[in-house]
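Here is how the chains run, residue by residue.
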Amino acid sequence: VVTEVVTHKLNHIPIFKGDFASLSPKVQRFVAEKAELMNPAGIYICDGSQKEYDDIVDKLVERGVLTPLKAYENNYLCRTDPRDVARVESKTWMVTKDKYDSVCHTPDGVRPIMGQWMSEEQFGVELDSRFPGCMAGRPMYVVPYSMGPIGGPLSKNGIELTDSPYVVLCMRTMTRMGTKVLEALGDNDFVRCIHSVGLPRPVKQKVINHWPCNPEKVMIAHRPKEREIWSFGSGYGGNSILGKKCFALRIACNIGRDEGWLAEHMLIMGVTNPEGEEKFIAAAFPSACGKTNLAMLTPTVPGWKVRVVGDDIAWMKFGADGRLYAINPEAGFFGVAPGTSHKTNAMAMESCRANTIFTNVAETADGEYFWEGLEKELKEAKGYTDEQLKHLEITNWLGERWHIGDEGKAAHPNSRFTAPAKQCPNIHPDWEAPQGVPIDAIVFGGRRPEGVPLVFESFSWEHGILVGALVKSETTAAAEFTGKNVMHDPMAMRPFMGYNYGKYLEHWIKLGKAPHKAPKIFHVNWFRETKDHKFLWPGFGDNIRVLDWILRRVAGGEEEIAIETAIGYVPKRGTINLDGLPRIDWNDLMSIPKDYWVEDVDESRHFLDTQVGSDLPQPIRDELDKLEKRVHAL
Ligand SMILES: O=C(O)CSc1cccnc1C(=O)O
Ligand SMILES: [Mn+2]
């Protein structure tokens, strides 16, 4: 009966590629229902092959969507509509029956910063005003994908329907995509992802850069209970490559709560000491705080080795042995281009030598990618003089002629490379181990120009959860203003929270209880500054010195390398290897100023009271009270 009903719904929509009848009944019904709703020109069932990727690339080059970067093999440049260049948090919604399943009970007048709730009724109205007929004249690509190694015990399957071939290409790089996923899926359930650029044909408006989008009607809605994502109007990044932020964080953290595991905005890295002992770290930093750089770190201290498992998302579950195991659910890197160079992240650069799509970066006359931070590297590679460098012909992200030193940016600040993870020279051999790697330490961090020491260790799992909940980045306001601008980003999940944050903290508390062996939780701050705004710590490859201390604390038996303070255990002077570094002002780097911390704890209490409110679990409130007492006694 299913085949008959389903076939009936498809009778006017041709299959451009693939065998519809070979799809499982659940998949057939999903495809047929959405095709009926969105009325595409035809259905293209992706197989995930290299030939398919190449065919789509060739078509997009022909259409002018992609430009080959002729200095490399199989590297392409894509320029978007300048109105469609980043995640759109204001248009990102969690749709649940009960508002407080999605957001916390914040006091009246306080705008929640962790997620936005939309009622099911409102979602129905918004859906009806967008999706009917939205794919007219475009193919609907059926993208079956696995987050995590196909068939792995921690992996989950999704199917994205999209009218954007650019998204198909990116999903093939960022996930395991194609026929093998359908085979592993069978007739089981999957996360349903529907994406449209929101511009049915015939198009009535000018399309910029061959990048169809509908900025005025962007909506990225999640129905966590139904494991469904509806994205409309944007073709870019986290809005459209739905396996990433929408599935692997917002939907997955709901699945993790229901099934007893964690979906986190964390890197995963393996750190091997000179004695050959390897430990794994999962770390969460707010966006643009150097997660990718840390995950792919090139240590400056001889004998140390770092290998990356993932640079952005970790799915973590306690195993039968009580240890916490993590997989990187993604198969690629969607990294920020500006600021990435062989100096700051050689491994990322090497990952992008081929098979990579660069979005909104600049291009040199020689067909090379270019972005802010590559000036020195380009000059050295070409043997240019400063004068020659200044006259180098560059096309900026807007497609305009541009020269180094000109007004404006070469590359958009959120321009990205989409590169296969397997191309990273220091990818970990176990990066695709289905059961994951054992996590020995969880590290939180933020951009804290004052008052916060280089590293500290929490006293307990609950204290560590408070440390994570209080992750923030501060920007010291320009000289003429007093005070500072504090941006909270609890566990670095603020833009990606999939449900009530208080309930999320409860879930963390519960998972840390015996017989689970909760890893130690640390906080690092690479960004502390002197009074005249110079960094006190070199960072980058020298951060291995801090990881060394962290791993010695994890190994235990060296209690004398730490001293107990009001905020946690901090390194005793001389227990962090500073050999070879220019003079480090240890006191400034490690001090815990009372006045700063009294104010900071006060501000943190205000944040938790207003943003989590009555949903804040008592054990975390207790930790805050204890912290407050300790800093007042400083
Ligand atoms: O603007 C976008 O859609 C990309 S945001 C992003 C991409 C890769 C990794 N992390 C992020 C983020 O904002 O955390
Ligand atoms: Mn991220």
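In this report, we go over the structure that sits alongside the text. (Residues numbered from 1 in each chain as written. Chains lettered and ligands numbered in written order. Predicted model: local features only at pLDDT ≥ 70, side-chain atom pairs only at ≥ 80, totals over all residues. Heavy atoms only, no water.)

1. A closer look at the pattern of salt bridges
In step 1: This structure, assessed with the given rule, holds 43 salt bridges.
In step 2: One network of salt bridges, in which partners are shared, links Lys244, Lys245, Lys291, Asp312 and Glu330. (Salt bridge = Lys/Arg side-chain N within 4 Å of Asp/Glu carboxyl O.)

2. Section: the sheet that holds strand 23 (residues 394-395)
Paired through their backbone hydrogen bonds, the strands of a sheet run either parallel or antiparallel.
In step 1: The strand order 22-21-23-24 describes an open sheet built from four strands, whose pairing is antiparallel. Edge strands, defined here as strands with exactly one partner in the open sheet, are strand 22 (369-370) and strand 24 (401-402).
In step 2: Summarising the sheet, strand 21 (residues 362-364) and strand 23 pair through two bridges and their orientation is antiparallel. Directly across from Thr364, in strand 23, lies its bridge partner Ile394. (Pairing = 2+ DSSP bridges. Helix = DSSP H or I, 4+ residues; strand = E, 2+ residues; numbered from the N terminus.)

3. Here we look at the packing of aromatic side chains
The description of an aromatic ring pair rests on the distance of the ring centres and on the angle between the ring planes.
In step 1: Applying the stated criterion across every chain yields a total of 23 aromatic pairs.
In step 2: Measuring from ring centre to ring centre gives 6.1 Å for Tyr236 and Phe334, while their planes differ by 55°; the resulting arrangement is tilted. Taken as a pair, Tyr236 in the loop between strand 12 (228-232) and helix 8 (237-240) and Phe334 in strand 19 (residues 332-336) lie far apart in primary sequence, 98 residues in all.
In step 3: Residue Tyr236 is classed as buried on the basis of its relative accessible area, which comes to 2%.
In step 4: A network of ring pairs unites the aromatic residues Phe444, Trp461, Tyr499, Tyr501, Tyr504 and Trp508 as a single cluster.
In step 5: Stacked on the ring of Phe496, the Lys or Arg Lys245 has its end atom at 4.1 Å from the ring centre.
In step 6: Directly above the ring of Tyr569 sits Arg553, whose terminal nitrogen or CZ lies 5.0 Å from the centroid. (Phe/Tyr/Trp six-rings, centres within 6.5 Å; stacked < 30°, edge-to-face > 60°. Buried < 20%, exposed > 50% of the residue type's maximum accessible area, 1.4 Å probe, protein only. Lys NZ or Arg CZ within 6 Å of the ring centre and 35° of its normal.)

4. A closer look at the packing of helix 14 (residues 461-469) against helix 19 (residues 618-632)
In step 1: Orientation of helix 14 relative to helix 19, taken along the N-to-C sense of each, is 85°, at an axis distance of 9 Å. With respect to each other, helix 14 and helix 19 are oriented roughly perpendicular. Residues Glu462, His463, Ile465 and Leu466 of helix 14 lie in contact with helix 19, whose contacting residues are Pro619, Ile620, Glu623, Leu624, Leu627 and Arg630.
In step 2: Considering only residue class, the contact of helix 14 with helix 19 consists of six nonpolar, one polar and three charged. (Axes fitted to C-alpha atoms, helices over the stretch in contact; angles between N-to-C directions. Parallel < 35°, antiparallel > 145°, perpendicular 65-115°, else oblique. Contact = heavy atoms within 4.5 Å. Nonpolar A, V, L, I, M, F, W, Y, C, P; charged D, E, K, R; others polar.)

5. Remarks on the site of ligand 1
In step 1: If you check the shell around ligand 1, you find 14 residues, and the closest are Arg87, Gly238, Ser287, Asn414 and Arg416.
In step 2: At 3.3 Å, a side-chain N or O of Asp312 approaches a nitrogen atom of ligand 1.
In step 3: One of the side-chain N or O atoms of Asn414 is found 2.7 Å from an oxygen atom in ligand 1.
In step 4: In isolation ligand 1 has 350 Å² of accessible area, and contact with the protein removes 92% of it.
In step 5: Looking at the shell around ligand 1, the elements with two or more residues in it are helix 8 and helix 9 (243-259).
In step 6: In terms of residue class, the shell around ligand 1 is built from four nonpolar, five polar and five charged. (Near = heavy atom within 4 Å. Polar contact = N/O pair within 3.5 Å; in protein donor to acceptor, adjacent residues only side chain to side chain. Areas by Shrake-Rupley, 256 points an atom, 1.4 Å probe, with all protein chains shown as cover.)

6. Describing helix 5 (residues 120-128)
In step 1: Every buried residue of helix 5 is listed here: Phe123, Glu126 and Leu127. The arc enclosing the buried residues of helix 5, seen along the axis, measures out at 100°, which places them on a common side. Helix 5 presents Glu121 and Asp128 as exposed residues on the side facing more than 90 degrees away from its buried surface.
In step 2: Taken together, the buried residues of helix 5 touch helix 2 (25-38), strand 5 (92-95), strand 6 (117-118), strand 11 (219-223) and strand 12. (Arc of directions from axis to C-beta.)

7. Side note on unusual backbone geometry
In step 1: Look at the link from Arg201 to Pro202: it is a cis peptide, with omega at 0°.
In step 2: Structurally, Pro202 is set in the loop between strand 10 (191-196) and strand 11.
In step 3: A cis amide bond links Ala514 to the next residue, Pro515, at an omega of 5°.
In step 4: Positive phi values are uncommon outside glycine, yet His210 reaches one of about 55°.
In step 5: With respect to the helices and strands, the residue His210 is situated in the loop between strand 10 and strand 11.
In step 6: What makes His210 partly exposed here is its relative accessible area of 45%.

8. Concerning the sheet that holds strand 4 (residues 73-78)
In step 1: With mixed pairing, the five strands of this open sheet are ordered in space as 3-4-20-25-19. Every other strand in the sheet has two partners, leaving strand 3 (66-68) and strand 19 as the edge strands with one partner each. Direction aside, the axes of adjacent strands within the sheet are offset by 20° on average.
In step 2: Both strand 20 (residues 354-359) and strand 25 (residues 416-420) contribute to a ladder of three bridges, which runs antiparallel. The partner of Ile357 across the bridge, within strand 25, is Thr418.

9. Considerations on the coordination of the manganese ion (ligand 2)
In step 1: Protein-derived ligands of the manganese ion (ligand 2) are Lys245 (NZ), His265 (NE2) and Asp312 (OD), with the metal-ligand distances lying across 2.1 to 2.4 Å.
In step 2: Ordering the donors of the manganese ion (ligand 2) by residue number gives the pattern K-x19-H-x46-D. Here the residue Lys245 occupies a position in helix 9, and His265 occupies one in the loop between strand 13 (262-264) and strand 14 (267-272), the gap between them amounting to 20 residues.
In step 3: The buried category is assigned to Lys245, whose relative accessible area is 7%.
In step 4: Since its relative accessible area comes to 2%, His265 is described here as buried. (Donors = N, O, S within 2.8 Å, 3.2 Å for Na, K, Ca; no water.)

10. Quick notes on the pairing of strand 18 (residues 324-327)
In step 1: Residues Leu324 and Ala326 of strand 18 are buried on one face, and the alternating residues Tyr325 and Ile327, pointing to the opposite face, are buried as well.
In step 2: Taken together, the four bridges between strand 17 (residues 314-318) and strand 18 define a ladder with antiparallel strand orientation. Paired with Lys317 across the strands is Tyr325, a residue of strand 18.
In step 3: What sits between strand 17 and strand 18 in their antiparallel hairpin is a turn of five residues, with Gly322 showing a positive phi close to 85°.
In step 4: When strand 18 meets strand 26 (residues 437-445), the two strands line up antiparallel, connected through two bridges. If you follow Ala326 over to strand 26, its bridge partner there is Val437.

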